[in-house]
Amino acid sequence: MKSLVLSLFLCGWITTAAFANGSIKGKVTDAESGKPLVGASVYIHELRTGAITGVDGFYQTTEIPSGTYLLEVSFMGYSAFLKTIRVDKTQELNIALKPSVVEHEAVTVTGVASAIRLSQNPQAISVVKKTDLQRSSGTNIIDALSRIVPGVAALSTGPAVSKPIIRGLGYNRVITINDGVRQEGQQWGDEHGIEIDEASVQRVEILKGPASLLYGSDGMGGVVNIISNVPVERGIMKANYHVATNSNNGLISNHLNWFGHANNGFNWNLYGSFKNAHAYQNKYDGRVLGSQFNERNFGGYIGVNKKWGYSHLLVSNFNQNFGMIEGDRDDATGKFVLFAGSALERIATEADLKDRKAQAPSQGINHFKIALDNNIAWGSGRLQLNVGFQRNQRKEFGDPEAPGVPELYFDLKTVNYNVQYHFAEKNGWKTSMGINGMQQQNQNKAEEVLIPEYRLLDAGAFFYTRKTFNDKLTLSGGVRADYRRLNSDGFTEGTEVKFEAFNRNFSNMSGSIGLSYQASDNVTLKANVSRGYRAPSVTELASNGSHEGTNRYEYGDRNLKNETSIQADAGVEVRTQHFNFQVSAFYNSISNYIFYSKLNSVFGGDSLVNKDGEDLMAFQFRQNAARLYGFESKIDIHPHPLDWLHLASSFSVVAGRFKESYEGVNRLPFIPPARWTTELRGDFAKAASGSLRNFYVKLELDRVFAQNNIFSAYNTETATPGFSLLNFGIGADVQSKGRTLFTIHAAANNIADVAYQNHLSRLKYTAENMVTGRMGVFNMGRNFTLRIHVPLEWKLK
């Protein structure tokens, strides 16, 4: 593997005069005043290159391969300028940006073979920039995305771990991409997060709906595309220091990165992050034992951008340790019990709750990744080649008398590959084809075993094309074929056969077709139909065991079939001087939907499995036809001439049903409740003092409705009451002589200190407090957040 990465990286340094090249130069100005805009970004997403305007507003890109590209020019407080341009020589393009209080247009690279305007993509995609994340009051990146993007929810296990749920689907039905590489950890588990350094994230794109066409199995619910490494303009070196703190759990987060782009095309980014927190608190539970966590992450890339394209070598290491909240309490006092069920059992002290070190039960995760990302001019088109290696090591510790000995230890190694060829545009058609997949091996390195050791081979080939007619109608679609082979090993525990060896092969055809039509300057209509696919995971096929943090014993079913889906989407976007509005509706029909439910005992009641003296509820995976449907809407009212004033609101709802009923219930389990957020915000590009820029102040009401439409069969799920949270935020860039000295963001979340349980919080199902009679653990109470970002910049000779 190492020799392959090295040879591919070295080939990227080879230059040749055979490639035709060109560049773009010009001036960026204010459309109203005609004054030059200093620091405007000129960027070509396909080539990950661009330029920044100088003091006179002029820019010039480096030499780039001849071709047709989507150019994006952006500047805070102005509408982005997007233009598809043919480059085969040095040409001049002067751009006048119009002041705007909202972002009307953006570029996306998710779910498509090459960059496209967001308005021309028929699928439901949301783009979230780093500024949006910094202004959010979320406790982690997935929590922040769930507040920003309607239709996205977070399944949480305390403040350290959250999983994305898109339109009611999550786990192995949502793919996470990080810098072009499909993230592979143990995403089948409740308490398994995305394992990416959050402070290094520059941009997130979320595709809502089946994405199997380009990504293969597991993309039924959608894709979360996280972009961390973005090259800066040539001749510049920068550094950033970011510090953040929370009042509720004492979070301390530090992040430092150093990046630059030399004049010879060599560019790099290096980062390091450290954060930790003690137990969080709320007014019902006090401080919650087991919610401590700490992280130590590092990574970055080195590479070259040349006239033939680019080649980047990426490395990252994510290390996280966190406690697992079980909710055991003393029957007499209701206080949390440390080391429950062991000889060391005792009531947790204040010092225990303020300790930043995770105590048993806990998890330790280390996710290492190295990848090569190439984009090379080849003939009249472009060759995109990505290959990566990941190693995910997950250890679960449950014995306080042997705190360093893992009871479970998963060691997952994955090799990913993605090869695409993008043909030169012909008669307006942009066509791509490619192959991608992975090879995977999982080993168990501890005494206890939940899933068998296995080897997996995954491969798929696709064809994708699109055409825009008269800058109004865009048609796009494609087809894909997939194959997956799973070889699972047998395992004997003492004299008992825990896993029998088996082999399974899965195959599938997927496809998508859609259109986007700009009915007028202000109205865009979208429609899309796509077929998704997911092969059963080894967990669903072969589980036979329990692990810390789930409080259940799981049984798999080796006879499970492929999940397949057909989803139809339709949407409308309206953009005017006074408001922006968008609504998107969907209907998703799924065959062989896989879910787990409690097993009934032959004597009535729950089926229990005794594990080390503890009775655990037994669950088994099943299948049934299902359907999900719902819609999301978003509006931003900014009445002219009070352009600085925004009244923004979003609403999302999803419902899910089985074709057949269980104990008279046909609702899908763990569907997010309806959510309505309303925000009153003032945005000021330039504050009255002159030293502040991009000043904002906002007040937000987050209303989460009750979820009573539950899968109550076998007591699998319980209803959850609704709640409302009041949040506040304020921030600005502090400048001197036109240069940003630092950026500050302050936020208050849950100002009224409401005690609530999110319907998708796993902590709902932890132990009962016998003193109060309340079931489970509640979410975080009132929290104040402060974030400071200090940027530095130097010019390189």
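Residues numbered from 1 in each chain as written. Predicted model: local features only at pLDDT ≥ 70, side-chain atom pairs only at ≥ 80, totals over all residues. Heavy atoms only, no water.

K.L.:
Got a minute to help me understand the overall build of the chain in this structure?
P.N.:
Of the regular secondary structure elements, the chain holds 6 helices and 50 strands. Its C-alpha atoms give the chain a radius of gyration of 26 Å, within 12% of the compact-globule value 28 Å for 797 residues. Judged by the C-alpha coordinates and their principal axes, the chain covers about 80 × 60 × 50 Å. Out of the 797 residues belonging to the chain, those deemed buried represent 59%. If you take every contact in the chain between residues at least 6 apart in sequence, the share linking residues at least 24 apart comes to 66%. Working note: accessible area of the chain is about 31,500 Å², and carbon and sulfur atoms make up 56% of it. For the chain, the centre of its 82 positive side-chain charges and the centre of its 75 negative side-chain charges are spaced 8 Å apart. (Helix = DSSP H or I, 4+ residues; strand = E, 2+ residues; numbered from the N terminus. Rg over C-alpha atoms; globule rule 2.2 N^0.38 Å. Buried < 20%, exposed > 50% of the residue type's maximum accessible area, 1.4 Å probe, protein only. Contact = heavy atoms within 4.5 Å. Areas by Shrake-Rupley, 256 points an atom, 1.4 Å probe, with all protein chains shown as cover. Lys, Arg positive; Asp, Glu negative; His and termini not counted. Charge placed at Lys NZ, Arg CZ, Asp CG, Glu CD.)

K.L.:
What should I look at first to understand the nonpolar core in this one?
P.N.:
Nonpolar side chains tend toward joint burial in soluble globular proteins. One finds Phe410, Leu450, Ile451, Tyr454, Leu486 and Leu541 to be the most contacted residues of the largest nonpolar core, which totals 22 residues. Setting aside its immediate chain neighbours within four residues, Tyr454 contacts Leu412, Gln440, Gln441, Asn442, Leu486, Asn487, Ser488 and Val538. (Core = buried A, V, L, I, M, F, W, Y, C linked by side-chain atoms within 4.5 Å.)

K.L.:
Help me understand the confidence of the model for the chain in this model?
P.N.:
Low-pLDDT stretches of the model should not have their predicted coordinates read in fine detail. Taken residue by residue, the chain gives an average pLDDT of 89. The fraction at 70 or more is 93%. Segment residues 4-18 is flagged for pLDDT under 50; beyond a separation of four residues in sequence, or across chains, it makes 22 contacts in the model. (pLDDT = per-residue confidence, 0-100.)

K.L.:
How should the pattern of salt bridges be read in this particular structure?
P.N.:
A side chain with one charge can pair with a side chain of the opposite charge if their charged atoms come near. One pass over the structure, following the stated rule, counts 33 salt bridges. The residue Arg329 makes a salt bridge to Asp285 at a minimum N-O spacing of 3.0 Å. Taken as a pair, Arg329 in the loop between strand E25 (309-323) and strand E26 (337-338) and Asp285 in the loop between strand E22 (281-282) and strand E23 (286-287) lie far apart in primary sequence, 44 residues in all. Exposure remark for Arg329: the relative accessible area of 10% places this residue in the buried category. Here Glu573 and Lys526 are joined by a salt bridge, their closest N and O atoms 3.3 Å apart. Residue Glu573 is located in strand E40 (residues 563-575), and its partner Lys526 is located in strand E37 (residues 523-534); the two are separated by 47 residues in the primary sequence. Take Lys526: its relative accessible area is 11%, and that puts it in the buried class. One salt-bridge network, in which partners are shared between bridges, spans Arg135, Asp636, Glu679, Arg681, Asp683 and Lys698. (Salt bridge = Lys/Arg side-chain N within 4 Å of Asp/Glu carboxyl O.)

K.L.:
Would you mind going over the packing of aromatic side chains with me for this structure?
P.N.:
Two numbers describe a pair of aromatic rings. These are the distance of the centres and the angle of the planes. Enumeration according to the criterion identifies 21 aromatic pairs in this entry. Chaining the aromatic ring pairs together yields one cluster made of Tyr593, Phe595, Phe658, Tyr662 and Phe711. Taking NZ or CZ as reference, Arg135 lies 4.0 Å from the ring centre of Tyr696, over its face. (Phe/Tyr/Trp six-rings, centres within 6.5 Å; stacked < 30°, edge-to-face > 60°. Lys NZ or Arg CZ within 6 Å of the ring centre and 35° of its normal.)

K.L.:
Teacher, can you tell me more about helix H3 (residues 141-148) here?
P.N.:
Since there are 3.6 residues in each turn of an α-helix, residues three or four apart along the chain are aligned in direction. Along H3, 7 of the 8 residues are buried, which leaves the element largely enclosed by surrounding structure. Residues Ile141, Ile142, Asp143, Ala144, Leu145, Ser146 and Arg147 constitute the buried set of H3. Near the N-terminus of H3, the side chain that reaches the backbone nitrogen of Ile142, with its oxygen 3.2 Å away, is that of Asn140. (Polar contact = N/O pair within 3.5 Å; in protein donor to acceptor, adjacent residues only side chain to side chain.)

K.L.:
Just checking my understanding: could you explain the side chain of Ser584 for this structure?
P.N.:
Tracing the backbone through its elements, the reader meets Ser584 in strand E41 (residues 579-598). For Ser584, a relative accessible area of 14% translates into the label buried. A polar atom in the side chain of Ser584 sits 3.2 Å from the side chain of Arg167. Dropping the residues within four chain positions of it, Ser584 is found in contact with Ala124, Arg167, Asp569, Ala570, Gly571, Gly630, Phe631 and Glu632.

K.L.:
How do you make sense of the sheet that holds strand E16 (residues 181-182) when you look at a structure like this?
P.N.:
Adjacent strands of a sheet pair through backbone hydrogen bonds, lying either parallel or antiparallel. The sheet built from 5 strands is open, its strands ordered E12-E17-E18-E15-E16 with mixed pairing. Both outer strands of the open sheet, strand E12 (124-129) and E16, are each paired with one neighbouring strand and no more. For strand E15 (residues 174-178) and E16, the ladder comprises 2 bridges, and the chain directions are antiparallel. Considered in E16, the bridge of Ile177 is made with Arg182. (Pairing = 2+ DSSP bridges.)

K.L.:
Even after reading the chapter, I still don't get the sheet that holds strand E6 (residues 67-74), so can you show me in this structure?
P.N.:
The 4 strands lie next to each other as E3-E2-E6-E7, forming an open sheet whose pairing is antiparallel. With one partner strand each, in any of the chains shown, strand E3 (49-52) and strand E7 (81-87) form the two edges of the open sheet. Each strand axis lies, on average, 20° off the axis of its neighbour in the sheet, ignoring direction. Bridging between strand E2 (residues 41-44) and E3 involves 4 bridges; their strand directions are antiparallel. Looking across to E3, one finds that Ser41 is bridged to Ile52. (Axes fitted to C-alpha atoms, helices over the stretch in contact; angles between N-to-C directions.)

K.L.:
Whenever I open this one, a nonpolar patch on the surface confuses me. Can you help?
P.N.:
Together, Phe579, Phe581, Ile637, Leu647, Leu680, Leu699, Leu701, Leu726, Phe728 and Ile730 make up an exposed nonpolar region whose accessible area comes to about 760 Å². For the nonpolar patch, the secondary-structure elements that each account for two or more residues are E41, strand E47 (692-704) and strand E48 (723-736). A total of 3 residues in the nonpolar patch trace back to one element, the largest contributor, which is E48. In this structure, Leu726 sits in strand E48. (Patch = residues over 30% accessible without salt bridge, like charges linked within 9 Å, V, L, I, M, F, W, Y side chains within 5 Å.)

K.L.:
Explanation requested: the pairing of strand E31 (residues 429-444) in the structure shown.
P.N.:
When a strand is regular, its side chains alternate between the sheet's two faces. The pairing of strand E30 (residues 408-422) with E31 spans 13 bridges and is antiparallel. Each bridged residue has a counterpart across the sheet, and for Asp411 the counterpart in E31 is Gln443. The antiparallel pairing of E30 with E31 creates a hairpin that spans 6 residues between the two strands, and Asn427 there sits at a positive phi of about 55°. Across 14 bridges, the pairing between E31 and strand E32 (residues 454-469) is antiparallel. The residue of E32 that forms the bridge with Gln441 is Arg455.

K.L.:
I keep staring at the pairing of strand E1 (residues 21-30) and nothing clicks. Help me out?
P.N.:
Of all the 10 residues making up E1, 8 are buried; the element is thus mostly covered by neighbouring parts of the structure. Two elements, E1 and strand E5 (residues 64-65), share 2 bridges in a ladder whose sense is antiparallel. In the sheet register, Asn21 faces E5, and the bridge partner there is Pro65. Sheet topology note: the E1/strand E4 (residues 58-60) ladder contains 3 bridges and is antiparallel. If you follow Lys25 over to E4, its bridge partner there is Gln60. Sheet topology places E1 next to strand E9 (residues 95-97); 3 bridges connect them, and they run parallel. Opposite Val28, over in E9, you have Ile95 as the bridge partner.

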